[in-house]
Amino acid sequence: MEKSQFDWNWIPQVSVGSFVFDKKIEIEKLAFETIDVSDREEDWRTYEIKNEGSRFYISKDGSLQSIECQNVFLYKGINFIGSKLQDIDKVVNFKFEIGDCNEFGREIVNRDIG
């Protein structure tokens, strides 16, 4: 597993590391370099963290909507990336389902909030 310079600890429905959901992000004030990889037809902006590969998605109003972690996504000390679903099930306190699974990875969806 690659070491990340970022904190990817997840607080469900709140944040992943210092990235807080629904909070406005000023790209030009971030302490790290990003690359705008947005599709012109999307209603949001997509930014990739340079040399990290992880991405975050910003809505039209500038607020953080989603994060795509590449190597590390921690919850209660367990890195979900590379973990078996049975191990994830032991630590989450909500029912989940597997969403999109494609060349980009797997999405775990909280059934209670979608």
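Residues numbered from 1 in each chain as written. Predicted model: local features only at pLDDT ≥ 70, side-chain atom pairs only at ≥ 80, totals over all residues. Heavy atoms only, no water.

Caption draft 1: Inspection of the overall build of the chain at higher detail. Counting its regular elements, the chain contains one helix and eleven strands. For the chain, the sequential pattern of α-helices and β-strands runs β-β-β-β-β-β-β-β-β-α-β-β. For the chain, buried positions account for 36% of its 114 residues. Sequence separation of at least 24 residues holds for 33% of the intrachain contacts in the chain that already meet a minimum separation of 6. (Helix = DSSP H or I, 4+ residues; strand = E, 2+ residues; numbered from the N terminus. Buried < 20%, exposed > 50% of the residue type's maximum accessible area, 1.4 Å probe, protein only. Contact = heavy atoms within 4.5 Å.)

Caption draft 2: Spatial organisation of the sheet that holds strand 3 (residues 19–20). As summarised here, the arrangement of the three strands in space is 1-2-3, forming an open sheet in which the pairing is antiparallel. Looking along the sheet, the strands with just one partner apiece sit at the ends: strand 1 (10–11) and strand 3. Inspection of the sheet shows strand 1 paired to strand 2 (residues 15–16) by two bridges, in the antiparallel sense. Note that in strand 2 the partner of Ile 11 across the bridge is Ser 15. (Pairing = 2+ DSSP bridges.)

Caption draft 3: Quick peek at the sheet that holds strand 5 (residues 45–49). With respect to topology, four strands assemble into an open sheet ordered 4-5-6-7, the strand pairing being antiparallel. The open sheet has two edge strands with one neighbour each: strand 4 (34–36) and strand 7 (64–68). Here the strands of the sheet are splayed against their neighbours by 25° on average, with no regard to which way each runs. (Axes fitted to C-alpha atoms, helices over the stretch in contact; angles between N-to-C directions.)

Caption draft 4: Looking closely at the pattern of salt bridges. With the rule as written, the count across this model stands at five salt bridges. A salt bridge links Glu 26 to Lys 29, with the nearest nitrogen and oxygen atoms 3.4 Å apart. For Glu 26, a relative accessible area of 41% gives the class partly exposed. For Arg 45, the salt bridge is made with Asp 36, and the minimal N-O distance between the two is 2.5 Å. Taking the relative accessible area as the measure of exposure, Arg 45 reaches 36% and is therefore partly exposed. (Salt bridge = Lys/Arg side-chain N within 4 Å of Asp/Glu carboxyl O.)

Caption draft 5: Representation of the nonpolar core in the model. Ranked by size, the top nonpolar core spans 21 residues in total, and within it Trp 8, Phe 19, Phe 56, Ile 67 and Phe 80 carry the most contacts. For this core, the elements supplying multiple residues, two or more each, are strand 5, strand 6 (55–58), strand 7 and helix 1 (85–91). Among all residues touching Phe 19, those that are not within four sequence positions of it are Trp 8, Val 14, Ile 25, Phe 32, Ile 49, Phe 56, Leu 64 and Ile 67. (Core = buried A, V, L, I, M, F, W, Y, C linked by side-chain atoms within 4.5 Å.)

Caption draft 6: Molecular detail of the packing of aromatic side chains. The tally for this structure, following the rule as stated, stands at eleven aromatic pairs. Measuring from centroid to centroid gives 5.4 Å for Phe 19 and Phe 56, while their planes differ by 40°, and the two rings are tilted. With Phe 19 in strand 3 and Phe 56 in strand 6, this pair connects stretches of sequence that are 37 residues apart. You can call Phe 19 buried: its relative accessible area is 5%. Aromatic rings pair up to connect Phe 6, Trp 8, Phe 19, Phe 32, Tyr 47 and Phe 56 into one cluster. (Phe/Tyr/Trp six-rings, centres within 6.5 Å; stacked < 30°, edge-to-face > 60°.)

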